[in-house]
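Fold and contact review
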Amino acid sequence: MEIFKQLKKLGYKHYIDLTIEELDALPIDNIEKRIEYSLVIDWFREKHKLDIIISSNLLGYGFIIYQRYPPKNILDKREFQYYQEAREQAILKTIELCQKEK
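The present account deals with the structure reproduced in this document. (Residues numbered from 1 in each chain as written. Predicted model: local features only at pLDDT ≥ 70, side-chain atom pairs only at ≥ 80, totals over all residues. Heavy atoms only, no water.)

Observations regarding a nonpolar patch on the surface
- Nonpolar side chains collect at one region of the surface, where Y15, I31, I35 and L39 lie side by side and expose about 380 Å² of accessible area between them.
- Tracing the chain through its elements places I31 in helix α3 (residues 31–48). (Patch = residues over 30% accessible without salt bridge, like charges linked within 9 Å, V, L, I, M, F, W, Y side chains within 5 Å. Areas by Shrake-Rupley, 256 points an atom, 1.4 Å probe, with all protein chains shown as cover. Salt bridge = Lys/Arg side-chain N within 4 Å of Asp/Glu carboxyl O. Helix = DSSP H or I, 4+ residues; strand = E, 2+ residues; numbered from the N terminus.)

Encoded structure:
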């Protein structure tokens, strides 16, 4: 997946001292990728007023993308076995939503 390449097109500047290609190639549970994903989620909140909420229940993990202005849930998806999967899919879906806005 080329998540960071897509984020760059939206105006996101990555902070980890790796290239976009190196970041995209890292495993989903790599610490640098996890740090950068946290920064991405903060960036969506500040720049696009979209909150990503990762939740869990007995069946696994899911995510909610919440638009603050005007307030509404854009998407609520629950079907992931691992937290990292839910977070990555939530970021991908948020990228898709932001691309539609342009």
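Structure shown, so let's carry the discussion forward.
Regarding helix α1 (residues 3–10)
- By the burial criterion, the buried members of α1 are I3, F4, L7 and L10. One face of α1 carries all of its buried residues, which in axial projection span an arc of 105°. α1 presents K8 and K9 as exposed residues on the side facing more than 90 degrees away from its buried surface.
- Elements in contact with the buried residues of α1: α2 (20–25), α3 and α4 (83–101).
- Once α1 finishes, G11 follows within two positions and takes phi at roughly 105°, a positive value. (Buried < 20%, exposed > 50% of the residue type's maximum accessible area, 1.4 Å probe, protein only. Arc of directions from axis to C-beta. Contact = heavy atoms within 4.5 Å.)

Thoughts on the environment of K9
- Here K9 shows up in helix α1.
- It is 9.9 Å that separates the C-alpha atoms of K9 and I95, two residues lying 86 residues apart in sequence.

Brief notes about the pattern of salt bridges
- Across all of its chains, the model carries six salt bridges by this definition.
- A salt bridge links D42 to R45, with the nearest nitrogen and oxygen atoms 2.9 Å apart. Highlighted residues: D42 and R45, both in helix α3, separated by three residues, approximately one helical turn.
- Across the pair R78 and D76 runs a salt bridge whose closest N-O atoms are separated by 3.3 Å.
- When salt bridges that share partners are traced, they join D42, R45, D51 and R68 into one network.

Re the pairing of strand β2 (residues 60–67)
- Of all the eight residues making up β2, six are buried; the element is thus mostly covered by neighbouring parts of the structure.
- Judged from the eight bridges that link them, strand β1 (residues 50–57) and β2 form a sheet pairing that is antiparallel. The residue bridging I52 from the neighbouring strand is I65, located in β2.
- The hairpin turn running from β1 into β2, its antiparallel successor, is two residues long.
- Looking at chain direction, β2 and strand β3 (residues 72–80) are connected through seven bridges and run antiparallel. Each residue of the ladder has a partner; that of G62, found in β3, is R78.
- Between β2 and β3, which pair antiparallel in sequence order, lie four residues. (Pairing = 2+ DSSP bridges.)

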